[in-house]
Amino acid sequence: MAQEFMQWLSHPGLNHFLIVSGILFSFGIFAVLTRRNAILVLMGIELILNAANINFIAFSRYGTGTLDGQVIAIFVIILAAAEAAIALAIVLNIYQNFNTINVDEINQLRD
Amino acid sequence: MSQETILQLSTVILLLPLLGFILLIFFNKRLPRQGDWLGTGILFLCLLLSVIVLAGKLGSHHDEVLQFKFTWVDWGNVPGIGPLKLELGIMVDNLVAIMLVVVTIVSSLVHLFSIGYMHGDVRYGRYFAYLGVFTFSMLGIVVTNNFFMMYVSWELVGLSSYLLIGHWFEKKSASDAANKAFIVNRIGDIGMFTGIMILFANFQTFTFDDIFAAIQSGTIPFGSEPWLTAAGILIFAGAVGKSAQFPLHVWLPDAMEGPTPVSALIHAATMVAAGVYLIARTFTMMTADALIVITYIGAITAFIAATIAIAQNDIKKVLAYSTVSQLGYMVMGLGVGAFTAGFFHLTTHAMFKAGLFLASGSVIHAMHHALHHAGDHHTDPQDIRFMGGLRSKMPITFWTFLIFTLAISGVPFTSGFLSKDEILAGTLAFSSLNGHAIIPIIGFFVAGLTAFYMFRIVILTFLGEHKDAHRIQEIHESPFTMTVPLMVFAALSFFAFYSFDPFGASSGWFYAAVPRPESVVPGTVAAPGVAAFEEALHHSHSLAMILSLTVAGIGILAAFGTYYWKKISADAVADRLKPLHTFLMNKWYFDELYEATAVNGTKGLARAYAWFDDRVIDGIVNGVGSWTRALTLGTSRNWEEGSLGAVFYKAISAGLSIYIGWLVTSALMSPEPAFGEMLWNGILGLATAGLTFFLFFVGVGGFDNKIVDGLVNAVAYLAGFFGLISRRLQTGKVQTYLVFVIFGVMVFFLWFR
Amino acid sequence: MDLFTIIFYSFAVITLGGGAVVVFSRNIVHSAFALLFAFFGVAGLYVLLMADFLAITQLMIYVGGILVLILFGVMLTSQVLDVQIKTGTIQTFPAVLAVSALAGTLVGIFWSTDWKTTAAPPMEVTAAKIGEMLLTSYLLPFEIASVVLLAALIGAAMIARREKNA
């Protein structure tokens with residue numbers, strides 16, 4: 001069993017990339033869940049998107065053998081760029097209005 | 001000089017003015033003197049490079065065509081068409097090298113002149129920026145090797161001339177003139193575009209060489225010669241617009257609303273020459289029929305414009321019509337097959353006509369200054385009837401103006417004599433080859449008219465006595481930035497620059513450099529070849545020279561007789577020929593004609609469309625709206641508007657309509673409607689209709705209160721109840737929601753694994 | 001251990017290490033810089049997956065664009081000279097539980113699924129092919145993405161603008 005595992009470890013393939021992406025994804029989720037600072041939440045989202053991209057490309061390489069996954073990844077990057085710009089603009093605006101960017105303190109829309 | 005050097009230098013010449021434009025349009029406010037030195041300096045650099053290119057081209061690559069191409073877009077193998085790609089590139093042959101020098105020389109001197117003329121203008125820096133973009137686009141037309149870039153530059157020229165004519169856009173007449181120039185040019189450009197598209201559709205390439213080679217190898221558009229003629233004439237339509245040929249010549253005189261140096265640059269030397277250049281460039285693919293059309297258009301233009309020029313009093317208007325007339329000459333020259341002569345006239349005319357405009361600018365500048373000083377704002381500073389006797393006050397302007405006038409009138413020892421004489425000889429040769437005798441007659445008649453009206457300006461402006469003794473005291477010679485260009489142009493109006501033989505251009509370098517290209521069109525539709533034409537030309541040469549000298553002499557004498565010695569009273573002649581004079585003064589009523597037909601026609605069409613949109617389309621939409629509204633109001637008047645019952649009723653009827661619509665659609669869509677399905681649908685439809693009927697007619701009162709309201713209240717209560725519960729889940733924190741999402745995802749994972 | 005394996009593990013460590021610092025560091029500036037390493041590691045993984053064009057894109061857009069943007073956000077919203085640069089966390093404990101469960105599920109599934117794989121095609125330059133696909137099969141998404149970017153550009157400028165009269 002242990003030897004089998006070592007064997008598996010020393011031949012990186014699709015699973016390895018997927019597991020790296022899974023861990024990265026969980027890191028991102030964790031950041032989004034626990035951080036109070038909106039910019040750190042954003043960083044978490046970027047990690048999530050990167051993890052998803054690794055999946056796309058890994059499947060494109062090992063699964064289908066075509067480049068479709070890579071094209072989708074490009075769209076993800078495009079949307080990530082747009083999202084980051086908008087989100088940071090919103091963060092700046094919120095900062096000007098509330099003088100804080102801690103997400104749990106901004107609750108004007110509640111009730 | 002190597003080929004690469006020449007091509008690289010040409011690219012640099014092309015791009016430098018663009019660089020100047022970019023710098024000036026963004027930074028003119030920050031640069032010292034608003035950047036006029038930058039624009040002017042760049043243009044003089046271009047001029048220097050152009051002269052080097054010309055020398056290198058003529059010196060070491062006299063008979064070669066230097067080209068640089070690259071593939072800009074490669075569409076690969078397009079289904080139904082075959083391999084398709086878009087090649088761009090630049091080309092330098094002798095024609096191009098000469099045009100480069102012509103354009104840059106006029107442009108640089110106009111820049112220099114503008115420093116004095118536009119001094120203190122509100123948009124001084126922007127003016128120089130526009131001059132730069134204009135020069136760039138003009139050079140783009142010249143150096144390109146394909147129709148694509150040529151068309152792009154062609155439109156850019158149109159745009160920049162629009163900007164320059166409308167430079168003083170506060171003046172209504174200036175902005176109108178800019179619009180007119182733009183729109184009229186567009187009409188011609190549509191023709192050119194169509195022509196290019198005919199060629200592209202057949203040859204899948206824009207490059208001149210490829211197209212000409214394809215035609216020469218026998219593939220002609222759509223396999224028929226009339227299409228080739230049509231393509232040629234349509235491309236010529238572009239030239240008709242840009243070179244202000246009949247019937248699109250109306251924009252050019254109006255364009256004189258722009259600053260005078262602009263008139264010199266655009267409307268004398270370069271932009272209007274673009275059309276002639278286009279004909280020269282495509283000359284080799286013109287069929288005999290196309291050339292005859294070109295010849296006649298040119299001749300008619302030359303004639304109409306010359307007659308109009310006689311009756312005008314505005315100095316710039318006279319020059320404008322003279323330009324139109326001379327452009328007609330060039331076009332006619334190319335049309336009859338005197339290729340070199342036509343292009344030669346383009347070059348010489350560029351020099352002396354730019355000079356004439358700049359000199360008139362100098363006069364107007366002085367007059368304006370004097371009138372301004374006297375506080376006179378009513379007298380038109382451009383009207384030659386208020387001038388006279390300026391010779392003593394503005395000697396440089398006078399002498400240069402006189403030289404230009406001699407050149408345009410075709411007096412020996414000037415450049416104009418050389419080129420005009422060759423064109424006239426060409427028309428004689430043309431008529432001897434195919435019997436169009438009217439062409440040389442018009443040619444010689446217009447030559448006489450030209451001499452007459454040009455000397456009319458000289459005499460009325462510079463000779464005799466000034467009308468207002470006080471005003472003339474205030475008139476001064478212009479500053480040297482304005483007089484230096486005049487002197488340079490005057491020098492370039494002498495024969496020695498083009499040929500050392502003052503009576504024959506054919507021995508000069510120019511003729512050796514720009515030989516007439518052999519036609520590539522199929523022999524059956526080609527014009528008489530070079531050899532036959534040269535033969536006919538040889539016979540008519542001496543006759544042409546004698547005749548042209550005679551008519552020029554008559555014209556000049558008539559001008560002096562009428563306006564200087566006053567042997568003939570101009571007013572008496574005008575009175576005698578009152579209808580003719582009015583006709584000419586009103587420019588053959590072209591503007592009125594176009595106003596009545598094209599402009600009003602377009603406006604009428606627009607009104608018809610507006611009416612159709614307003615009445616028919618909006619009518620249908622509004623009709624449907626009001627019909628539906630009437631239906632709804634009519635059937636639901638039992639309830640107060642907005643009451644629950646009404647709402648309910650409407651919801652039911654909406655549902656019913658949708659259901660019926662669905663029934664109809666499904667009946668139409670299903671290829672073989674099953675009988676059982678139709679029956680079921682019918683029953684459902686009937687039941688729904690019955691329910692609606694019941695709601696409407698029977699249960700309106702009690703049913704509404706008890707059941708309907710009860711139902712509604714129950715729904716509302718339920719919604720409130722669930723709202724209270726789910727409210728607890730709504731923390732308003734994104735993170736909480738995310739936790740739910742995570743659990744949801746995990747449930748899915750475990751469920752489906 | 002061949003070269004591929006070594007490189008894979010080094011990039012995986014860079015990525016996950018960077019990600020961990022992003023998530024667990026209490027100093028937001030440290031987080032931002034750790035993000036750089038995470039992005040860089042991901043780019044390395046892309047190279048291993050024969051996605052050369054995407055690796056470059058990743059470097060240019062994420063490292064060159066988004067990260068700089070985020071740093072700007074940090075600079076503009078935290079008073080850098082303040083002590084406040086350390087940021088707090090909330091509900092850590094339930095989050096740890098949830099995320100561990102999620103990570104366990106994901107890794108377990110990735111591990112245990114018998115993925116249908118094909119033999120990896122040989123290495124080739126992808127940029128030309130991707131470009132071709134963007135302009136053929138993916139033309140509509142591509143155009144829409146350009147509109148989205150434009151909208152984002154305008155929207156971001158609109159939102160972030162300081163109100164003159166406020």
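Novice: Looking at this model, I keep getting lost on the overall build of chain A. Mind explaining?
Specialist: From N to C terminus, chain A includes four helices and zero strands. Counting helices and strands in the order they occur from the N terminus, chain A gives α-α-α-α. When the 111 residues of chain A are sorted by exposure, 59% land in the buried category. Contacts in chain A between residues far apart in sequence, at least 24 positions, make up 54% of those at least 6 positions apart. Accessible surface, chain A as shown: approximately 4300 Å² in total, 64% of it carbon and sulfur.

Novice: Explanation requested: the overall build of chain B in the structure shown.
Specialist: The secondary structure content of chain B amounts to 28 helices and two strands. Taken across its 753 residues, chain B has 52% of its residues classed as buried. Taking the intrachain contacts of chain B between residues at least 6 apart in sequence as the baseline, contacts between residues at least 24 apart amount to 79%. For chain B, the accessible area works out to roughly 33600 Å², and carbon and sulfur atoms hold 70% of it.

Novice: Can you walk me through the interface of chain C and chain A in this structure?
Specialist: A common way to express how large an interface is: the accessible area buried when the components associate. Across the contact, 81 residues belong to chain C and 72 residues belong to chain A. With both sides pooled, the region where chain C packs onto chain A buries about 7100 Å², and carbon together with sulfur makes up 77% of that total. Here chain C and chain A share zero salt bridges between them. Taken together, the links from chain C to chain A amount to six residue pairs in polar contact (both at pLDDT 80 or more). Elements represented by at least two residues in the side of chain C that touches chain A include exactly α1 (3–24), α2 (28–48), α3 (52–77), α4 (92–112), α5 (127–135) and α6 (139–160) of chain C. Taken together, the residues of the side of chain C that touches chain A break down into 57 nonpolar, 19 polar and five charged.

Novice: Help me understand the pairing of strand β2 (residues 82–92) of chain B in this model?
Specialist: Within a regular beta strand, the side chains point alternately toward one face of the sheet and then the other, so they alternate between its two faces. Residues and elements named next belong to chain B. Most of β2 sits out of view: nine of its 11 residues are buried. Sheet topology note: the strand β1 (residues 66–78)/β2 ladder contains 11 bridges and is antiparallel. Within β2, the position partnered with Phe 70 by the bridge is Leu 88. The turn joining β1 and β2, which pair antiparallel and follow one another in sequence, is formed by three residues; a positive phi near 85° is taken by Gly 80.

Novice: Looking at this structure, I do not really get the interface of chain C and chain B. What am I missing?
Specialist: Residue-level contacts link nine residues of chain C with six residues of chain B. Summed over the three residues of chain C that lose the most area to chain B, namely Leu102(C), Thr105(C) and Ile109(C), the buried surface amounts to 47% of that side. Applying the counting criterion to the chain C and chain B interface returns zero salt bridges. If you look at where chain C meets chain B, you find zero residue pairs in polar contact (both at pLDDT 80 or more). Across the side of chain C that touches chain B, the residue classes break down as six nonpolar, three polar and no charged.

Novice: Is there a simple way to think about the nonpolar core in this case?
Specialist: Burial of nonpolar side chains together is a common tendency in soluble globular proteins. In terms of nonpolar packing, the biggest core is built from 212 residues, with Trp251(B), Tyr277(B) and Phe343(B) touching the most fellow members. Element by element, the count of residues in this core is highest for helix α14 (residues 339–373) of chain B, at 18 residues. Filtering out sequence-adjacent residues up to four positions away, Tyr277(B) remains in contact with Leu95(B), Val96(B), Met99(B), Ile141(B), Val142(B), Met150(B) and Phe343(B). Among the nonpolar cores identified, the runner-up in size contains 77 residues, and Ile77(A), Leu738(B), Leu71(C) and Leu134(C) belong to it.

Novice: What am I meant to see in the packing of aromatic side chains here?
Specialist: When we look at a pair of aromatic rings, we describe it by the centre distance and by the angle of the planes. All names here are of chain B. For the coordinates displayed, the defined rule picks out 38 aromatic pairs over all chains. Centre to centre, the rings of Tyr 124 and Phe 128 are 5.1 Å apart; their planes meet at 65°, and the pair counts as edge-to-face. On the criterion of helical spacing, the pair formed by Tyr 124 and Phe 128 is a turn pair, its members being four residues apart in helix α4 (residues 124–143). Residue classification places Tyr 124 among the buried positions, given a relative accessible area of 7%. Looking at Phe 128, the relative accessible area reads 1%, which means it is buried. Ring pairing ties together the aromatic residues Phe 343, Phe 344, Tyr 498, Trp 509, Phe 510 and Tyr 511, which thus form one cluster. In this arrangement the basic side chain of Arg 186 is found over the ring face of Phe 182, its NZ or CZ atom lying 4.2 Å from the centre. Over the ring of Tyr 329 we find Lys 420, and its NZ or CZ is 5.5 Å from the ring centre.

Novice: Sorry, what's going on with the packing of helix α3 (residues 38–64) of chain A against α3(C) here?
Specialist: One can describe the packing of α3(A) onto α3(C) by two numbers: an axis separation of 11 Å at closest approach and a directional angle of 170°. Looking at the two axes, α3(A) sits roughly antiparallel to α3(C). Every residue of α3(C) that contacts α3(A) at Ile39(A), Met43(A), Glu46(A), Leu49(A), Asn50(A) and Ile57(A) is listed here: Leu54(C), Gln58(C), Tyr62(C), Ile66(C), Ile70(C), Gly73(C), Val74(C) and Thr77(C).

Novice: How should a nonpolar patch on the surface be read in this particular structure?
Specialist: Residue and element names in this part refer to chain B. Residues Leu 19, Ile 22, Leu 23, Phe 26 and Phe 27 make up a contiguous nonpolar surface patch of about 460 Å² in total accessible area. Here Leu 23 lies in helix α1 (residues 3–27). A residue is classified by how much of its surface remains accessible, and Leu 23, at 30% relative accessible area, is partly exposed.

Novice: Please explain the side chain of Ser409(B) as it appears in this structure.
Specialist: Residue and element names in this part refer to chain B. Turning to its location among the elements, Ser 409 is positioned in helix α15 (residues 395–409). For Ser 409, a relative accessible area of 2% puts it in the buried group. Filtering out sequence-adjacent residues up to four positions away, Ser 409 remains in contact with Lys 420, Ala 451, Met 454, Phe 455 and Ala 552.

Novice: Quick question: what am I supposed to make of the packing of α15(B) against helix α17 (residues 438–462) of chain B here?
Specialist: Pairs of packed helices are described in terms of their axes, by the angle between the two and the distance that separates them. Residues and elements named next belong to chain B. Running from N to C, α15 and α17 point in directions that differ by 170°, and their axes come no closer than 9 Å. Considering their axes alone, α15 and α17 lie roughly antiparallel with respect to each other. Packed against α15, whose contacting residues are Thr 397, Phe 398, Phe 401, Leu 402, Thr 405, Leu 406, Ile 408 and Ser 409, the element α17 presents Thr 450, Ala 451, Met 454, Phe 455, Ile 457, Val 458 and Phe 462 at the interface. Its residues assigned to classes, the contact of α15 with α17 shows 11 nonpolar, four polar and no charged.

Novice: Even after reading the chapter, I still don't get the environment of Lys69(B), so can you show me in this structure?
Specialist: Residues and elements named next belong to chain B. Locating Lys 69 in the fold gives a position in strand β1. Placed 18 residues apart in sequence, Lys 69 and Glu 87 show a C-alpha to C-alpha distance of 6.5 Å. Not counting residues up to four positions away in its chain, the partners in contact with Lys 69 are Glu 87, Leu 88, Gly 89, Asn 145, Thr 207 and Asp 210.

Novice: Sorry if this is basic, but what is going on with the pattern of salt bridges here?
Specialist: Close approach of charged atoms lets side chains of opposite charge pair. Residue and element names in this part refer to chain B. Counted under the stated rule, the structure contains nine salt bridges over all chains. Between Glu 170 and Arg 123 there is a salt bridge whose closest N-O contact spans 3.1 Å. With Glu 170 in the loop between α5 (147–165) and α6 (172–203) and Arg 123 in the loop between α3 (94–117) and α4, this pair connects stretches of sequence that are 47 residues apart. The structure contains a network of salt bridges with shared partners spanning Glu 155, Arg 186, Asp 189 and Lys 242.

Novice: Before we go on, may I ask you to explain the environment of Pro259(B) in this structure?
Specialist: Residue and element names in this part refer to chain B. If you trace the backbone, Pro 259 turns up in the loop between α9 (251–254) and α10 (260–269). Pro 259 sits in the buried class, given a relative accessible area of 1%. A sequence separation of 91 residues divides Pro 259 from Trp 168, and the C-alpha atoms of the two residues are 8.0 Å apart.

Novice: Whenever I open this one, the confidence of the model for chain B confuses me. Can you help?
Specialist: Residue and element names in this part refer to chain B. Chain-level pLDDT for chain B is 82 on average; 89% of the residues reach the 70-or-more range. When pLDDT is averaged over each helix and strand of chain B, the minimum, 64, is found for helix α25 (residues 644–669) and the maximum, 90, for α5. Reported confidences for the modelled complex are a pTM of 0.63 and an ipTM of 0.85.

Novice: What should I look at first to understand helix α11 (residues 271–282) of chain B in this one?
Specialist: Every α-helix carries 3.6 residues per turn, so stepping three or four residues along brings you back to the same face. Residues and elements named next belong to chain B. In a regular helix each residue adds 1.5 Å, so 12 residues correspond to 16 Å; α11 covers 17 Å between its end C-alpha atoms and thus fits that length. Across the 12 residues of α11, 12 count as buried, placing the element largely inside the fold. Met 271, Val 272, Ala 273, Ala 274, Gly 275, Val 276, Tyr 277, Leu 278, Ile 279, Ala 280, Arg 281 and Thr 282 are the residues of α11 that are buried.

Novice: Could you clarify how one ought to interpret unusual backbone geometry in this entry?
Specialist: All names here are of chain B. With an omega of 5°, the peptide bond running from Phe 246 to Pro 247 counts as cis. Among the secondary structure elements, Pro 247 is positioned in the loop between α8 (225–242) and α9. One non-glycine residue, Phe 413, lies in positive phi territory at about 75°. Along the polypeptide, Phe 413 turns up in the loop between α15 and α16 (415–434).

Novice: Quick question: what am I supposed to make of the side chain of Ser325(B) here?
Specialist: All names here are of chain B. For Ser 325, the position within the fold is in helix α13 (residues 315–336). For Ser 325, a relative accessible area of 0% corresponds to the buried category. When residues no more than four places from it in sequence are discounted, the contact partners of Ser 325 are Thr 301, Ala 302, Ala 305, Ala 306, Val 446 and Tyr 453.

Cut-offs applied
Residues numbered from 1 in each chain as written. Chains lettered and ligands numbered in written order. Predicted model: local features only at pLDDT ≥ 70, side-chain atom pairs only at ≥ 80, totals over all residues. Heavy atoms only, no water. Helix = DSSP H or I, 4+ residues; strand = E, 2+ residues; numbered from the N terminus. Buried < 20%, exposed > 50% of the residue type's maximum accessible area, 1.4 Å probe, protein only. Contact = heavy atoms within 4.5 Å. Areas by Shrake-Rupley, 256 points an atom, 1.4 Å probe, with all protein chains shown as cover. Buried area = accessible area lost by both parts, 1.4 Å probe. Salt bridge = Lys/Arg side-chain N within 4 Å of Asp/Glu carboxyl O. Polar contact = N/O pair within 3.5 Å; in protein donor to acceptor, adjacent residues only side chain to side chain. Nonpolar A, V, L, I, M, F, W, Y, C, P; charged D, E, K, R; others polar. Pairing = 2+ DSSP bridges. Core = buried A, V, L, I, M, F, W, Y, C linked by side-chain atoms within 4.5 Å. Phe/Tyr/Trp six-rings, centres within 6.5 Å; stacked < 30°, edge-to-face > 60°. Lys NZ or Arg CZ within 6 Å of the ring centre and 35° of its normal. Axes fitted to C-alpha atoms, helices over the stretch in contact; angles between N-to-C directions. Parallel < 35°, antiparallel > 145°, perpendicular 65-115°, else oblique. Patch = residues over 30% accessible without salt bridge, like charges linked within 9 Å, V, L, I, M, F, W, Y side chains within 5 Å. pLDDT = per-residue confidence, 0-100. Expected span 1.5 Å × (residues − 1).

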